Amino acid sequence: MAVVLLNEQRTAVCDHARRMVADGLVVGTSGNVSARAGEFVAVTPTGVDYGSLRPDDIPVVALDGSVVDGSLRPTSELPMHLAVYREAEDPDGAPVTAVVHTHSVHATAVSTLVDEVPPVHYILATLGPSVRVAPYATYGTTELAERMLAALDGRRGCLLGNHGTVTYGDGLDAAYHRAQQLEWACRLWLVARSAGTPRVLPPAEVEHVVDRLRGYGQPGAR
């Protein structure tokens, strides 16, 4: 049943894992992605070159972490993915059906400098009223998952201190787009900071954009 149910998700996981490498959001086998359907999650395997991934290579797990299909071991960051599916709540109530975790260079650099991403551009409002940096914890641990959840409270993405990014959405396209926008905003701040002292948007303006974005796009789009 899981094999039939998750074929679409397994294919999407493969496609987006390869896309992360092509877009420079990860290097080698770092970073990971997952997609949920019902009580099952398709997630990238650990230590496998994304360029060679096929849908059949994608493990399928239950929400308790047990593998229900596939011969390869899931990513070591599985606790983080499952924590999002079990506990994260989209600020607008959208379903949470995909998670993207990157090691993108600019976002990771920013995670070593600040406790919150400076709001140099309104695009950050697509993730929430601010983007927090979760304090560092060892990869693959429940401690990291807990710190990530605290940073995600009321947000659709966060930075992981000295580590990378996590974003989620209703579908991998939405989650991936947020990872791209977060990386872009971090790069923008670093470029501006290298030239001087960037002007940042006041919290009230970011909140205003958050409200405006609730009616943005086509009906049903996330």
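Preceding block: the structure.
Residues numbered from 1 in each chain as written. Predicted model: local features only at pLDDT ≥ 70, side-chain atom pairs only at ≥ 80, totals over all residues. Heavy atoms only, no water.

What you see with strand β2 (residues 40-43) is no split at all: Phe40 and Ala42 on one side and Val41 and Val43 on the other are buried throughout. Note: strand β1 (residues 32-37) against β2, four bridges, orientation antiparallel. Of the residues in β2, the one forming a bridge with alanine 37 is phenylalanine 40. The pairing of β2 with strand β3 (residues 60-62) spans three bridges and is classified as antiparallel. When the bridges of β3 are listed, alanine 42 appears paired with valine 60. (Buried < 20%, exposed > 50% of the residue type's maximum accessible area, 1.4 Å probe, protein only. Helix = DSSP H or I, 4+ residues; strand = E, 2+ residues; numbered from the N terminus. Pairing = 2+ DSSP bridges.)

For helix α5 (residues 142-152), every residue scored as buried is listed here: Leu144, Ala145, Met148, Leu149, Ala151 and Leu152. Along α5, the residues classed as buried sweep out an arc of 160° about the axis, all on the same side. Along α5, exposed side chains directed more than 90 degrees from the buried face belong to Thr142, Glu146 and Ala150. Those residues of α5 that are buried lie in contact with α3 (78-87), β6 (133-134), β7 (157-160) and β8 (164-169). Of the residues flanking the end of α5, it is glycine 154, one or two places downstream, whose phi is positive at about 75°. (Arc of directions from axis to C-beta. Contact = heavy atoms within 4.5 Å.)

Within the secondary structure, glutamine 9 sits in helix α2 (residues 7-22). Glutamine 9 sits in the buried class, given a relative accessible area of 14%. When neighbours within four sequence positions are excluded, glutamine 9 is seen to be in contact with Ala35, Arg36, Ala37 and Ala42.

For the rest of this paragraph, the subject is unusual backbone geometry. Here the phi dihedral of asparagine 162 falls at roughly 55°; this positive angle occurs in a residue that is not glycine. Note that asparagine 162 resides in the loop between β7 and β8.

It is worth spelling out the pairing of strand β5 (residues 98-102) at this point. Burial within β5 is extensive, with five of its five residues counted as buried. The two faces of β5 match: Ala98, Val100 and Thr102 on one face and Val99 and His101 on the other face are all buried. Relative to β5, β1 runs antiparallel, the two sharing four bridges. Pairing of serine 34 across the sheet is with valine 99, part of β5.

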